[in-house]
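What follows is each chain in one-letter form.
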Amino acid sequence: MTSIGGAASSGMVDWNLAVATATRLVRPGPEVSRDEARAVVAELRRHAKASEEHVRGFTRMVSEEGADTPVLVVDRPGWVRANVAGFRELLKPLLDKMEERRGGSPGGAVLGAVGGKVTGVELGMLLSFMSSRVLGQYETFAPATRDLPAGSGGGRLLLVAPNIVHVERELDVDPHDFRLWVCLHEETHRTQFTAVPWLRDHLESEIQSFLGETDVDPMTVLERVREAAQTLAGGRPEGEEDDGGRSLVELVQTPAQREILGRLTAVMSLLEGHADFVMDGVGPEVVPTVGEIREKFQQRRAKGASRLDLALRKLLGLDAKLRQYRDGERFVRAVVDEVGMDGFNRVWTSPNTLPTKTEIAKPADWIARVHRKSES
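Conventions we followed
- In this numbering scheme, every chain counts its residues from 1 along its sequence in written order.
- Thresholds applied to this predicted model are a pLDDT of at least 70 for local features of residues and 80 or more for the giving and counting of side-chain atom pairs; totals over whole chains, interfaces and linings are not thresholded and use all residues.
- Working from all heavy atoms in the structure, the side-chain values ignore hydrogens and water.
- Any two strands with at least two DSSP bridges between them are considered paired.
- Strands here are runs of E lasting at least two residues and helices are runs of H or I lasting at least four, both read from the DSSP assignment and numbered beginning at the N terminus.
- Whenever a helix is involved, its axis is fitted only over the stretch in contact; in every case the axis is a line through C-alpha atoms, and angles between N-to-C directions fall within 0 to 180 degrees.
- Here, residues are in contact when the closest pair of their heavy atoms is within 4.5 Å.
- Oblique is the label for any angle not covered by the other classes, which are roughly parallel (under 35 degrees), roughly antiparallel (over 145) and roughly perpendicular (65 to 115).
- Should the near helix be turned anticlockwise from the far one by less than a right angle, the crossing is termed left-handed; should it be turned clockwise, right-handed.
- Following the grouping adopted for this structure description, the nonpolar residues are Ala, Val, Leu, Ile, Met, Phe, Trp, Tyr, Cys and Pro, the charged ones are Asp, Glu, Lys and Arg, and the polar ones are all others, Gly among them.

(A) Structural detail: the sheet that holds strand E3 (residues 156–160). Judged by pairing direction, the sheet is mixed, and its three strands sit side by side in the order E1-E3-E2 without closing on themselves. Edge positions in the open sheet fall to strand E1 (71–74) and strand E2 (136–139), since each of these has one partner strand only. Averaged over neighbouring strand pairs, the angle between their axes works out to 20° when direction is ignored. In terms of strand pairing, E1 meets E3 through four bridges, oriented parallel. The residue bridging Val 74 from the neighbouring strand is Val 160, located in E3. Across the sheet, helix H2 (residues 34–59) is in contact with E1 and E3; its angle to E1 comes to roughly 155°. In this fold helix H5 (residues 161–171) packs onto E1 and E3, with an angle of close to 45° to the strand it touches most, E3.

Okay, structure coming up:
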């Protein structure tokens, strides 16, 4: 088996085992003929290219010269491989720290070998679950691999063809319109990062600060994993108050991490809400059935496929992501209505002009802080 990133799997996570597990467990995609599959891939590539002009014209954001990133149309195993490569890159500092700490403990090497296998299987199971749910993704921190190219500064845009086909059939919408609508959302994310040169480094710095605050004591980690498992099962130790079903991310936070996560939540709300705003803003011009698509897709977002799906969404923090779409879009819409697109685009000036979590809920506060003060 080819190893991820060209290096053998070792340490805290067996990355190759994660890929193998996810690939083995991944659900089959919708039934399509070989000719249909080729046609879908070709159309998604055309729509991705066309979306560049639509998005940049609407947002008035211009990518830096040489900042383009590749668009890859992938199947579910391809999405898994791409994400494992990204996880490995992003988590390397944290895992190196945990590896160093474990190395000084009795039996650390043996426990590491076993633990890496177990973690690889668990990660593979998670990725197999997620691989059938993602329509597209801009991989901000993606390293280039032999099979998965990336831009010169990192990053690539993924469109997961079987999932797009599955959802367009499930919603019973015009497939050509739906494919373009999805591409508009994902192209907005690519434009955000290629037109705002500091955004990637800012996000990476915040994420690394979050990971750097992680308590790597094994017993603490085990205790928090136990809490997460009880959350998924719907139970809690006797005498403990119900925490409302916190997500896994919430369960592993220190006070410093909560502060960082608040800033990250605000940024992600902005990015997701902006993409939704743009896809609907461009939509009427190029997607005739955008109203029908949006209504049906919102209904689908609001419900899970099963009780297990709902439980996993809660545990993984996916419910929070749904709120990010809604809160972020309301913020963008309110700001654009008040100060126009050029006024909104001041949000991209620097990290200091990004909205806070409070300002996402109160757009007038952001306008007062950034827009009106700059004119006084």
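(B) Spatial organisation of the packing of helix H6 (residues 175–195) against helix H10 (residues 255–286). At a closest axis distance of 8 Å, the pairing of H6 and H10 adopts a crossing angle of 130°. Here H6 is positioned oblique relative to H10, judged by the angle of their axes. Classified by chirality, the crossing of H10 by H6 is right-handed. Here Leu 180, Trp 181, Leu 184, His 185, Thr 188, His 189, Gln 192 and Phe 193 of H6 come into contact with H10, specifically with Leu 271, Glu 272, His 274, Ala 275, Asp 276, Val 278, Met 279, Asp 280, Val 282 and Val 286. Looking at the contact of H6 with H10 residue by residue, the class counts come to ten nonpolar, five polar and three charged.

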